[in-house]
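# Chain and residue survey
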Amino acid sequence: MNSPAPFKIVIPARLGSSRLPGKVLIPIAGKPMIVHVCERAIAAGAAEVIVAADDRSIGEAIAPLRVTTVLTSPRHSSGTERLAEVAERLAWDAEERIVNLQGDEPLVDPALIRILAEALLPPTPTAVATLATAIDDPSEIFNPNAVKVVVDCADHALYFSRAPVPWDREGFTKQPRQVNSGFKHLRHIGMYAYTAGFLRRYAAWARSPLEDVECLEQLRILWHGERIRVLRVDQAPVAGVDTEEDLKRVEAVLADRAASSERGENHDPVG
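Residues numbered from 1 in each chain as written. Predicted model: local features only at pLDDT ≥ 70, side-chain atom pairs only at ≥ 80, totals over all residues. Heavy atoms only, no water.

## Examining the packing of aromatic side chains
In this structure the tally under the stated criterion is seven aromatic pairs. Their ring planes at 80° and their centres at 5.1 Å tell us that Trp167 and Phe172 sit as a pair that is edge-to-face. Between Phe198 and Trp205, the ring centres sit 5.7 Å apart and the planes meet at 75°, which makes this aromatic pair edge-to-face. According to the relative accessible area criterion, Phe198 is buried, its value standing at 0%. Judged by relative accessible area, which is 17%, Trp205 ranks as buried. (Phe/Tyr/Trp six-rings, centres within 6.5 Å; stacked < 30°, edge-to-face > 60°. Buried < 20%, exposed > 50% of the residue type's maximum accessible area, 1.4 Å probe, protein only.)

## Quick word on the environment of Ala163
Within the secondary structure, Ala163 sits in the loop between strand S9 (157–161) and strand S10 (186–195). On the basis of relative accessibility, which here comes to 33%, the residue Ala163 falls in the partly exposed class. With 54 residues separating them in the primary sequence, Ala163 and Asp109 have C-alpha atoms 27 Å apart. Once you skip the residues sitting within four places of it in the chain, Ala163 turns out to touch Ile141 and Lys148. (Helix = DSSP H or I, 4+ residues; strand = E, 2+ residues; numbered from the N terminus. Contact = heavy atoms within 4.5 Å.)

## Focus: the packing of helix H3 (residues 79–89) against helix H6 (residues 196–204)
Where H3 contacts H6, the axes come no closer than 9 Å and their chain directions differ by 120°. Read as a crossing pair, H3 and H6 show a hand that is left-handed. Together, Thr80, Glu81, Leu83, Ala84, Ala87 and Glu88 of H3 and Ala196, Leu199, Arg200, Tyr202 and Ala203 of H6 make up the contact between the two elements. Of the residues that constitute the contact of H3 with H6, the class distribution is seven nonpolar, one polar and three charged. (Axes fitted to C-alpha atoms, helices over the stretch in contact; angles between N-to-C directions. Left-handed = near helix turned anticlockwise from the far one by under 90°. Nonpolar A, V, L, I, M, F, W, Y, C, P; charged D, E, K, R; others polar.)

## Quick notes on the pattern of salt bridges
Within the structure shown, the criterion is met by 15 salt bridges. Its salt-bridge partner being Lys8, residue Glu48 comes within 3.1 Å of it at the nearest N-O pair. With Glu48 in strand S4 (residues 48–53) and Lys8 in strand S1 (residues 8–13), this residue pair connects regions lying 40 residues apart in the sequence. In this structure, Arg220 and Glu211 form a salt bridge, with 2.7 Å as the shortest nitrogen-oxygen distance. Glu211 matches Arg220 in its accessibility class, with the two residues each being buried. (Salt bridge = Lys/Arg side-chain N within 4 Å of Asp/Glu carboxyl O.)

Following this line, the structure appears as structure tokens:
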């Protein structure tokens, strides 16, 4: 059986963070957060792992690892723009597949990374793929921090929104709101795979008014007429780190995994 074609992982990492400044370098279980993320990327089996950083201190933190650091412009407004700069500077072929892994996801399951990368293998006609999972908790439908995605019959994205879409005219207008058990809303999982050729097109596009209103960079892709393939997974990955509370949660998870490992147990989803 042939092995899947090689792919690359790019991790956009910046020191600036409005809610948790310098978070990619904050120690978690004895290592900077970006080191944990890189280790998950390496475990996914990528041909190359690259950190797109905006500060040399990030590169210094990951120097012992089998990763490459590329210093990118501090003017980018999104991680996708940072990836586009990397693809251009390294002159990757248009067909090269790149997974965008956020620098604040120290618990991401490497299996999800592989699923994304394989979604762009030929003969797929799409150049962008992302993930979604069914929403089981009705409160998530109305939570603006949980981004919803609506797909067509071929599982291509029609729209992403922080609003409760699609709007159930019958159930959502009742008090209290009733959720239709026969329809599953989808929560978007913010991981992407792209081809390098797509990233070059993306870099040439102007920002869209939709992404400015919703603060969702993926809406630029739909605005300019490209398709996004949405892969459904059974469970959302463990949430990333945005706050001090998130840090404590991740610390607890990693401490529990370390203790399990010492007991000879294996609760880590790493493949």
